[in-house]
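Chain residues, written in single-letter form:
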Amino acid sequence: MIICPMNETPPTPSAPDLAVEQLSIRYGKHTAVHEVTWHVEPGQIAAVIGPSGCGKSSFLTSLNRLTDLVPRCEVTGHIRVGELDVRAPQTDVIHLRRQVGMIFQRPNPFPTSVFHNLALPLREHGMRDKREIESLAESTLRDVGLWEEVKDRLHRSALLLSGGQQQRLCLARALVLRPAVLLLDEPCSALDPLSAGVVEELIGRLKRCYTIVIVTHNLAQAQRLADQVALFWTTEQGGQLIEQGPAESLFAAPQHELTAAYLAGRVG
Amino acid sequence: MPPRSIRWKSRAFDAAILVAPVIVSGFFLWLLADLLFQGSVYFWPSDSSAIQLSAIVDMLQHIVMFLTAEPEKAGREGGVGPILVSTGLILAVCMSVALPLGLGTAMLLSEFVSEASRFGRAVRRSLDILAGVPSIVFGLFGNAFFCQWLGLQFSILAGGLTLACMVLPLLVRAAEEGFRAVPQSQRHTAAALGFSRSSLVLRIILPQAAPGILAGLILGIGRALAETAALIFTSGYVDRMPQSLLDSGRAISVHIYDLSMNVPGGNSPAYASALVLVVLLVVLNFAAWWLVSRFLPRRSLS
């Protein structure tokens, strides 16, 4: 996978598409996600919106099989990332997670230096050459616009950075492994408005180089960023996808009455 | 202004809260002062009453002699050299067995077994029982198992292994708490970055759990150094310089016990040895802190 040099024209898009069929997620007896089918085009930003507790985050974590870590969590259905069958038994989950990076709601850098936050995953995936690690770390920090801010304190604790800087560091930590898909779980919601703006703008620039699935509460953000949108809603069966489509048409002319009510702020 | 009765109640409460720590730290300071005074009286040259340079030099020489020389006349004269060596060896045996076993068990309990599982609960319960067993029972067990059944006789090895059984529960519980204190989000993040389970535990969790492990280690060292009952029956009380781990060796707390209980006129050297023991504990605590802060990635949050 080649990273998009974000200051130059993007190379031929190499991002994969993402297909989900009849996906259901259950925690014990509770159904979090019920029979979701969705297709995300390569190199697009797909936003998942909906009220709290409608299964958005569960849906997202099933895409890189982080649901494996949750006891009593049961996933059924098909997930495909490019050529990779995510849930197939022969699929190497470490290879999958290297392809599919993830950013969480709260910035969570490792409590070590800025540099080690990028070096640890690289070493984990077999890179030993110190020079190579340093140059990759630098270029990735430049990509997320953090280099100028941290170049003098690479070896100081990452926890001394501001919330927005920490979140961009987390993004860099995911990008340094050269993934093809990015999963973003409300990446701006724990940040102040200014930092949120910076992170959002950064996500917008990553489009076309990566296929991005973003969960967000912020409808305006979904409208600004997304090419495709899916609305999740809690029904009697559990969280369901009740409407999906290109962002423009979904926001302009929602088909489902719940979507219209939700977008207008009348429910949810 | 609140009514008078309420003001008085609140003042009485504040005073009561202050009294407890004052009493506790008062006892500690008294003990320390007594130890320092009696200990240094032992080292202070008897023919000099005023503070002079020559007297200080004499005292330093006496301290060095005390730390290196063999005990004479059952410890009334001479020093504690062989006893310090035996103590160090017993402690080394104890920690080199207990630390890997304890860390491994703690790792298993916190990272690989769910908190509510029957196996985890059984292990935890048995460790708690083990932690509450009186040390004399450990001594008898160590004597029966290590000294006789395994044929180690009275030896430093047997003493160290018995101590390891004793400090294991302390180490495991403290280390497990340390592991559990690492936020779940760190595990998810590392997994999402494609870390394998082993490197998640070794590279991400272990460094962050270090303060907890260190606390357990210091508790364990403290308990091991202070132990008498378990060692009398296992490492014995021979006060010669040990030639190997299979020789009997007298630990410093056993030495203090012997001097103060069995040797007429042994009080003064007992105080001096106790002072050495306390200084040793303080030095080991600081060394452990230094090691951790030196060799683990720096944390800014604490």
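This one's a predicted model, so the numbers in the text were calculated from it and none came from an experiment. The numbering scheme is per chain: residues are counted from 1 as the chain's sequence reads. Whichever chain is written first becomes A and whichever ligand is written first becomes 1, with later ones labelled in order. With the structure being a predicted model, the display of local features is reserved for residues of pLDDT at least 70 and the display and counting of side-chain atom pairs for 80 or more, all residues being used for whole-chain, interface and lining totals. Water and hydrogen atoms were dropped before computing side-chain values, which therefore reflect all heavy atoms in the structure.

Engineer: I would appreciate a short explanation of the pairing of strand 3 (residues 45-49) of chain A in the present structure.
Structural biologist: Residues and elements named next belong to chain A. Burial analysis of strand 3 places five of its five residues in the buried class, the great majority of the element. Each residue is placed in one exposure class: buried if its accessible area under a 1.4 Å probe, protein chains only, is under 20% of its type's maximum, exposed if it is over 50%, and partly exposed if it falls in between. Helix and strand assignments come from DSSP, with helices taken as H or I runs of at least 4 residues and strands as E runs of at least 2, each series counted from the N terminus. Because side chains alternate across strand 3, one face comprises the buried residues I45, A47 and I49, and the other comprises A46 and V48, equally buried. Between any two strands, at least two bridges found by DSSP are needed for them to pair. Here strand 3 runs beside strand 9 (residues 228-235); their pairing, made up of four bridges, is parallel. Paired with I49 across the two strands is L231, which belongs to strand 9.

Engineer: Would you mind going over the packing of helix 6 (residues 163-175) of chain A against helix 7 (residues 193-206) of chain A with me for this structure?
Structural biologist: Axis angle and axis distance: for two packed helices, these are the angle between their axes and the distance between the axes, and together they describe the pair. Residue and element names in this part refer to chain A. Between the N-to-C directions of two axes lies an angle of 0 to 180 degrees, each axis being a line fitted to C-alpha atoms and, for a helix, fitted only over the stretch in contact. Helix 7 packs onto helix 6 with a crossing angle of 20 degrees between their chain directions and a minimal axis gap of 9 Å. With respect to their mutual orientation, helix 6 and helix 7 come out roughly parallel. Along this stretch, helix 6 crosses helix 7, giving a crossing that reads as right-handed. Across the interface between the two elements, G164, Q167, R168, L171 and L175 from helix 6 touch S195, V198, V199, L202 and L206 from helix 7. When residues are grouped by polarity, Ala, Val, Leu, Ile, Met, Phe, Trp, Tyr, Cys and Pro land in nonpolar, Asp, Glu, Lys and Arg in charged, and all others, Gly among them, in polar. Here the residues of the contact of helix 6 with helix 7 sort into six nonpolar, three polar and one charged. For classification purposes, angles smaller than 35 degrees are called roughly parallel, those larger than 145 roughly antiparallel, those between 65 and 115 roughly perpendicular, and all remaining angles oblique. Here a crossing is called left-handed whenever its near helix is offset anticlockwise from the far helix by less than a right angle, and right-handed whenever the offset is clockwise. Between two residues, a contact is recorded if the distance between any of their heavy atoms is within 4.5 Å.

Engineer: Honestly, the environment of E74(A) in this entry has me stumped. Any pointers?
Structural biologist: Residues and elements named next belong to chain A. Relative to the assigned elements, E74 resides in strand 4 (residues 73-81). Judged by its relative accessible area of 42%, E74 is partly exposed. Along the chain, E74 and I25 lie 49 residues apart, while their C-alpha atoms are 5.7 Å from each other.

Engineer: Any chance you could explain the confidence of the model for chain A here in plain terms?
Structural biologist: Predicted coordinates in areas of low pLDDT are best not read in detail. Each residue carries a pLDDT score, the predictor's own confidence in it, on a scale running from 0 to 100. For chain A, the mean per-residue pLDDT works out to 86, and 95% of the residues sit at or above 70. Below a pLDDT of 50 lies the segment residues 6-12 of chain A, which in the model reaches eight contacts outside its immediate sequence neighbourhood of four places, other chains included.

Engineer: Explain empty space enclosed by the protein to me, please; I cannot follow it from the model alone.
Structural biologist: The probe, sized like a water molecule, is rolled over the atoms to show the empty space still left. The rule is simple: put a 1 Å grid over the protein atoms alone, call a set of points where a 1.4 Å probe fits but cannot get out a cavity, call an open set with protein on both sides within 12 Å along at least five of seven lines a pocket, and count a residue as lining if it has an atom within 4 Å of a point. Grid points are joined across faces, edges and corners, and a volume is the space filled by probe spheres set on the points. Enumeration according to the criterion identifies three cavities of 30 Å³ or more in this entry. Considered as a void within the structure, the largest cavity measures approximately 60 Å³ in volume. Contributing to the lining of the largest cavity are T87(B), I90(B), L91(B), L163(B), A224(B), L225(B), E227(B), L231(B), A251(B), I252(B) and S253(B). Broken down by secondary-structure element, the contributors of at least two residues to the lining of the largest cavity are helix 3 (81-112), helix 8 (197-226) and helix 10 (252-262) of chain B. Per-element accounting of the lining of the largest cavity gives the leading share, three residues, to helix 3 of chain B. Per-class residue counts for the lining of the largest cavity are eight nonpolar, two polar and one charged. Looking at the second largest cavity, the residues that line it are M102(A), I103(A), F104(A), C170(A), R173(A), A174(A), T189(B), A192(B) and L193(B). At the level of secondary structure, the elements contributing two or more residues to the lining of the second largest cavity comprise strand 6 (100-103) and helix 6 of chain A together with helix 7 (184-192) of chain B. Here the lining of the second largest cavity takes three residues from helix 6 of chain A, the largest share from any one element. Looking at the lining of the second largest cavity residue by residue, the classes come out as seven nonpolar, one polar and one charged.

Engineer: Can you help me understand the packing of aromatic side chains in this one?
Structural biologist: Two measures describe an aromatic ring pair: the distance that separates the ring centres and the angle between the ring planes. Any Phe, Tyr or Trp ring, taking Trp's six-membered ring, that has another such ring centre within 6.5 Å forms a pair; planes under 30 degrees apart are called stacked, those over 60 apart edge-to-face, and the others tilted. The final tally for this structure, using the stated rule, is 12 aromatic pairs over all chains. Between W38(A) and F59(A) the ring centres are 6.1 Å apart and the planes differ by 45 degrees, which places this aromatic pair in the tilted class. With W38(A) in strand 2 (residues 30-40) and F59(A) in helix 1 (residues 56-63), the pair connects residues that are 21 residues apart, well separated along the chain. On the basis of relative accessible area, W38(A) is assigned to the buried category, the value being 4%. Between the aromatic rings of W233(A) and Y262(A), the centroid separation amounts to 5.6 Å while the plane-to-plane angle is 85 degrees, which identifies the pairing as edge-to-face. Of this pair, W233(A) sits in strand 9 while Y262(A) sits in helix 10 (residues 257-263), and the two are 29 residues apart along the sequence. Of the two residues, W233(A) and Y262(A), neither departs from the other in class, the shared state being buried. Taken together, F141(B), F145(B), F146(B) and W149(B) form an aromatic cluster joined through their ring pairs. Note on geometry: a ring has a charge over it if NZ (lysine) or CZ (arginine) is within 6 Å of the ring centre and within 35 degrees of the ring normal. Its end group placed over the ring of W8(B), R11(B) keeps NZ or CZ at 5.4 Å from the ring centre.

Engineer: Got a minute to help me understand the pairing of strand 10 (residues 238-246) of chain A in this structure?
Structural biologist: Along a regular strand, successive side chains alternate from one face of the sheet to the other. Residue and element names in this part refer to chain A. Counting buried positions along strand 10 yields seven of nine residues, so the element is predominantly enclosed. Sheet topology note: the strand 9/strand 10 ladder contains eight bridges and is antiparallel. Note on strand 10: the bridge partner recorded for W233 is Q240. The hairpin turn running from strand 9 into strand 10, its antiparallel successor, is two residues long.

Engineer: Explanation requested: the interface of chain B and chain A in the structure shown.
Structural biologist: Quoted interface sizes are often the accessible area lost when the parts come together. Across the contact, 20 residues belong to chain B and 23 residues belong to chain A. Accessible area that two parts lose when put together, with a 1.4 Å probe and added across both, is what the buried area reports. Where chain B abuts chain A, roughly 1,800 Å² becomes buried across the two surfaces, and 65% of that area is made up of carbon and sulfur atoms. The three residues of chain B that bury the most area against chain A are T189(B), A192(B) and L193(B), which together make up 29% of that side's buried surface. Take a side-chain nitrogen of Lys or Arg and a carboxyl oxygen of Asp or Glu: if they are within 4 Å of each other, that pair is a salt bridge. Put simply, chain B and chain A have one salt bridge between them. Salt-bridge contacts for E124(A) lead to R203(B); the nearest nitrogen and oxygen are separated by 3.3 Å. Polar contact is the term for a pair of N or O atoms within 3.5 Å; when the atoms are in protein, one must be able to donate a hydrogen and the other to accept it, and sequence-neighboring residues count only if both atoms are side-chain atoms. At the boundary of chain B with chain A, the tally comes to six residue pairs in polar contact (both at pLDDT 80 or more). Contributions of two or more residues to the side of chain B that touches chain A are made by helix 7 and helix 8 of chain B. The element contributing the most residues to the side of chain B that touches chain A is helix 7 of chain B, with seven residues. Looking at the side of chain B that touches chain A residue by residue, the class counts come to eight nonpolar, nine polar and three charged.

Engineer: Where do I start with the packing of helix 3 (residues 114-124) of chain A against helix 6 of chain A in this structure?
Structural biologist: Residue and element names in this part refer to chain A. Contact geometry for helix 3 and helix 6: axes closest at 8 Å, N-to-C directions at 25 degrees. Comparing the axis directions of helix 3 and helix 6 gives the class roughly parallel. In this structure, the crossing between helix 3 and helix 6 has a hand that is right-handed. Of the residues in helix 6, those in contact with V114, N117, L118 and P121 of helix 3 are L169, A172 and R173. Considering only residue class, the contact of helix 3 with helix 6 consists of five nonpolar, one polar and one charged.

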